[in-house]
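Report on the structure
Letter by letter, the chains look like this.
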Amino acid sequence: LSVILKAFKELFELKAVFRQGLNELPMPHGAAPRSRLILQDEEIRFDRERSSVIKFSAVGCINTFIDWTVYFTILRLFPGESILFYSVAKGFSYLCGIVNSFFLNRYWTFKTPSEKEGSRFLKFTLVNTVGLGINSASIYVLLHFNMSQLMALFLATSITFAFNFTLSKLWVFRKDKVVAKITGG
């Protein structure tokens, strides 16, 4: 969580530095203030980015709710006492969360077109599987270094969140190819 908060703080500081630097650029007489146009564009991008992070977080909360609800429902309907049963139930409940996550992120968070649906779902599943591995490995390492369980949980979750969000945005739900913009002038 502190990693995410620090990243937001640095974004705000960069935005302030960027704004100050643009205001010092010389402007031709009678021209529209370049810095105002650029800043408005940057603010729109920043707001969009912040909105997608918030939506991605909300989807994560909903997924966790679905995961836990399915898991505890299975345990209640089919009481079992083996570790294998608990593991299979947890795997199925986690898969339910991934399916929900895919559709909410696709339609709401990133609003991507419906082309290549199967390919996107495979990429999304791969990202989440690797994210699960990163989460498990992170908590193992952090606990091994005697970090408190709660701090290790938050830090491992923050690392995994950053990984999942970045790859979801830049690889899984990318709307189009990244193309260099050529300007005349």
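In short, a report on the structure. (Residues numbered from 1 in each chain as written. Predicted model: local features only at pLDDT ≥ 70, side-chain atom pairs only at ≥ 80, totals over all residues. Heavy atoms only, no water.)

Attention now goes to the overall build of the chain. Each helix and strand counted, the chain has five helices and zero strands in total. Reading the secondary structure of the chain in the N-to-C direction produces α-α-α-α-α. Residue burial in the chain is summarised as follows: out of 185 residues, 24% are buried. By sequence separation, contacts in the chain at least 24 residues apart represent 60% of the contacts at least 6 residues apart. Approximately 13,000 Å² of the chain is accessible, and the part contributed by carbon and sulfur atoms is 69%. (Helix = DSSP H or I, 4+ residues; strand = E, 2+ residues; numbered from the N terminus. Buried < 20%, exposed > 50% of the residue type's maximum accessible area, 1.4 Å probe, protein only. Contact = heavy atoms within 4.5 Å. Areas by Shrake-Rupley, 256 points an atom, 1.4 Å probe, with all protein chains shown as cover.)

This next bit is on the packing of aromatic side chains. Overall, the coordinates contain 14 aromatic pairs when judged by the stated rule. Between F102 and F121 the ring centres are 5.2 Å apart and the planes differ by 90°, which places this aromatic pair in the edge-to-face class. Here F121 lies in helix α4 (residues 117–144) and F102 lies in helix α3 (residues 83–109), a separation of 19 residues in the sequence. Take F121: its relative accessible area is 25%, and that puts it in the partly exposed class. Considering the side-chain rings of F110 and F165, the 5.9 Å spacing of their centres and the 40° angle between planes classify their relative orientation as tilted. Of this pair, F110 sits in the loop between α3 and α4 while F165 sits in helix α5 (residues 149–172), placing them 55 residues apart in sequence. Like F110, the residue F165 is buried in the burial classification. Among the aromatic residues, ring-to-ring pairing joins F56, F102, F103, Y107, F110, F121, F124, F161, F165 and F173 into one connected group. (Phe/Tyr/Trp six-rings, centres within 6.5 Å; stacked < 30°, edge-to-face > 60°.)

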